[in-house]
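# Coordinates in review
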Amino acid sequence: MKGHTRRDEKEQPTLLPSNIQSARELKPGDRVVYPNQGVCRVVGLEQKDIAGQRLEMIRMNREEDGAAVLVPMAKVSSVGLRRVSTADEIESVFHFLAAVSADPELDWKVRHRDNVERLIAGGVLGVAEVVKGLHSLSRIRPLPTKEREQYDGARHLLVSEVAVALGVPGNLAEDYVDHALNPPTGTRFQLKPPPKPIEISIPAYRRKKPAAGEEDLGLDELGIELPEEAAPAEEEEAQREGGAEAGEEASPAARDAEKPARPGKAAKPARKAAAARRPRPKAARKAAPKKKAAKGGRGGKRK
Amino acid sequence: MIRLVTLAPFDEGDIAFVTRTLFQAFGLGTEHVGERKLPAEAESSDDRYDGPKLLEEVSPVRTFADDKVLYLAIVPLSMKPGPLGEPPCYGFSRYGGERAVVSSALLPPRGVTEASIERFRRRLARESVHYVGHLWDLHHCLDARCAMHPSWSPLLGDDPGFELDSFCRDKSEQRIRLAKT
């Protein structure tokens, strides 16, 4: 229980306007969205004895399968319960889904952590961001199993909320979502400016900044190797310009160049180039002509 | 069991190909029950048929628990437009429902050559697997080679695959195992 208290103090989720601040706002029959669970219908209040304590709880039923969800009254605001989005909010989500996607985050650790936070505290737009981000990533390369599951989960949450908000069956809602994500060839939507993406407040102690030299762009996974010469050239240019600003602009590359090359990843291209320049060993050079000569020789002998 | 009902005359070879494909995809017996009339109530002013309404109004087929019914039509279908307009409607079915309808109106023309007939059959079989898949709670799939990939996606080639990928196959097998019968 101690751990829970400390966690609650440090990790207060971002409160959106649609979030429910207090249990008093809820009444039986209300539809709410429980992060990571989906749309639930409030059944009522009930008291439960748990670990010798009498707790007052809100009972809800998950609409998808009727599973019971119990939330202590005191935890209603901290678990991130929120009202089902309105039709207008859903429309703006569709404009966001159909807009040109930004480059996906390539560092899987950062991506996964951000996605988890968005699903919990980002509201319907946060869920849409996860769906769109992973969908655009899947266009570049197949998603690993964990992210495929995360994508399916997020998509499922989005589809169920769209279905409830627009009052359509789930399969139609899914068609609408896919129509926005994968428009048929030749389709052009009249898009409004998409809403601002949700800013996720991740506690500072959980945000580990990667060291400058170890910045992983995920290029190895894609099979792309950066040429080693690029960094010093940029550094030289920056020095020629002489300005402090120019130095700052080129700082990540310059910092990398100043650092001694790591034997593992950075030295790879250099090693390959050196191998290409190196003359072939004498034995190898001799072996090839010898074979031909031997063939010719043998033939000559026969003649 | 999957029961196939035609809402217009279809070639026997096409029906045989669809039943065989459905059996391979879901491991369930599939049979052609017969032909029914299109319900006039589902027809809209633009000469299309409303997908959800068609399934409500069409004359029922005798089924047992967990049977699925697939209606094959040639008329164009429509659905309620979404926030960005109406997606192309190749068919309609509800998750976990009992009935699905597939239309051949948006498929490549059947033609008379062997190649065009084969292409038409494969596409019809793909859409049949797709909408019966929804009846077994399968959702759309990311993999463009899977039959559950959205039917209008630009990632689908001229001859899209009509098989389920391993992810969807596992899910459908699990659902079928959990079914009452």
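Note that this is a predicted model, so its numbers are computed, not measured.

## Here's the deal with the overall build of chain A
Scanning chain A from terminus to terminus reveals twelve helices and five strands. Taking all 303 residues of chain A together, the buried fraction comes to 24%. Considering only intrachain contacts with a sequence separation of at least 6, the fraction spanning at least 24 residues in chain A is 60%.

## Re the sheet that holds strand 2 (residues 30-35) of chain B
Residue and element names in this part refer to chain B. The mixed open sheet is built from five strands, whose spatial order is 2-1-4-7-6. Edge positions in the open sheet fall to strand 2 and strand 6 (91-93), since each of these has one partner strand only. On average, each strand axis in the sheet is inclined to that of its neighbour by 20°, with strand direction left out of account. Looking at chain direction, strand 6 and strand 7 (residues 99-103) are connected through three bridges and run antiparallel.

## Regarding the nonpolar core
Of all hydrophobic cores here, the largest spans 74 residues; its most connected members are Leu70 and Val132 of chain B. Considering every element that reaches this core, the biggest residue donor is helix 5 (residues 145-166) of chain A, with nine residues. With residues up to four places along the chain from it excluded, the contact list for Val132 of chain B reads Ile2, Leu22, Phe26, Lys68, Leu70 and Ala100 of chain B. Grouped together as the second largest cluster of nonpolar side chains are 13 residues, Val32, Val33, Val42 and Met57 of chain A included.

## Digging into the packing of helix 1 (residues 12-26) of chain B against helix 3 (residues 114-135) of chain B
Residue and element names in this part refer to chain B. Relative orientation of the contacting elements helix 1 and helix 3 amounts to 45°, with a least axis distance of 9 Å. With respect to each other, helix 1 and helix 3 are oriented oblique. Considering only the axes of helix 1 and helix 3, their crossing is right-handed. Counting all contacts with helix 1, which are made through Asp14, Phe17, Val18, Thr21, Leu22, Ala25 and Phe26, the residues of helix 3 involved are Arg121, Leu124, Ala125, Ser128, Val129 and Val132. Each residue belonging to the contact of helix 1 with helix 3 can be placed in one class, and the counts come to nine nonpolar, two polar and two charged.

## Considerations on the environment of Lys27 of chain A
For Lys27 of chain A, the position within the fold is in the loop between helix 1 (2-10) and strand 1 (31-34). Between the alpha carbons of Lys27 of chain A and Ala165 of chain A there is a distance of 19 Å; along the sequence they are 138 residues apart.

## A few points about the pairing of strand 1 (residues 2-6) of chain B
Residues and elements named next belong to chain B. With respect to burial, strand 1 is a largely interior element, four of its five residues being buried. By the bridge criterion, five bridges tie strand 1 to strand 2 in an arrangement that is parallel. Bridge pairing links Leu4 to His32 in strand 2. Taken together, strand 1, helix 1 and strand 2 form a β-α-β motif whose crossover is right-handed.

## Here's the deal with the interface of chain A and chain B
The partner chain B presents 18 residues to the 21 residues of chain A that form the contact. Residue composition of the side of chain A that touches chain B, grouped by class: eleven nonpolar, six polar and four charged.

## Some remarks on the confidence of the model for chain B
Residues with a pLDDT of 70 or more make up 99% of chain B, whose mean pLDDT is 91. Here the predicted complex carries an ipTM of 0.92, next to a pTM of 0.72.

## Comments concerning the packing of helix 2 (residues 87-98) of chain A against helix 4 (residues 123-140) of chain A
Residue and element names in this part refer to chain A. At a minimum axis separation of 10 Å, helix 2 and helix 4 run at an interaxial angle of 20°. Put simply, helix 2 runs roughly parallel to helix 4. Along this stretch, helix 2 crosses helix 4, giving a crossing that reads as right-handed. Together, Glu89, Val93, Phe96 and Leu97 of helix 2 and Val124, Leu125, Ala128 and Lys132 of helix 4 make up the contact between the two elements. For the contact of helix 2 with helix 4, the per-class residue count stands at six nonpolar, no polar and two charged.

## Some words on helix 3 (residues 108-121) of chain A
Residue and element names in this part refer to chain A. Compared with an ideal rise of 1.5 Å per residue, which puts 14 residues at 20 Å, helix 3 spans 20 Å between its outermost C-alpha atoms and is within 8% of the ideal. Those residues of helix 3 lying buried are Asn115, Glu117, Arg118, Leu119 and Ala121. Buried residues along helix 3 sit against helix 4 and helix 5.

## A few points about unusual backbone geometry
Its identity as a non-glycine residue notwithstanding, Ala51 of chain A has a phi of 50°, on the positive side. Among the structural elements, Ala51 of chain A can be located in the loop between strand 2 (38-50) and strand 3 (53-62). With phi around 70°, Asp137 of chain B is a residue other than glycine that occupies positive phi space. Tracing the sequence through the fold places Asp137 of chain B in the loop between helix 3 and helix 4 (166-178). Exposure remark for Asp137 of chain B: the 15 C-beta atoms within 10 Å place this residue in the partly exposed category.

The rules behind the values
Residues numbered from 1 in each chain as written. Chains lettered and ligands numbered in written order. Predicted model: local features only at pLDDT ≥ 70, side-chain atom pairs only at ≥ 80, totals over all residues. Helix = DSSP H or I, 4+ residues; strand = E, 2+ residues; numbered from the N terminus. Buried ≥ 20, exposed ≤ 12 C-beta atoms within 10 Å, placed from the backbone. Contact = placed C-beta atoms within 7 Å. Pairing = 2+ DSSP bridges. Axes fitted to C-alpha atoms, helices over the stretch in contact; angles between N-to-C directions. Core = buried A, V, L, I, M, F, W, Y, C linked by C-beta atoms within 7 Å. Parallel < 35°, antiparallel > 145°, perpendicular 65-115°, else oblique. Left-handed = near helix turned anticlockwise from the far one by under 90°. Nonpolar A, V, L, I, M, F, W, Y, C, P; charged D, E, K, R; others polar. Right-handed = clockwise from strand over helix to strand, strands pointing away. pLDDT = per-residue confidence, 0-100. Expected span 1.5 Å × (residues − 1).

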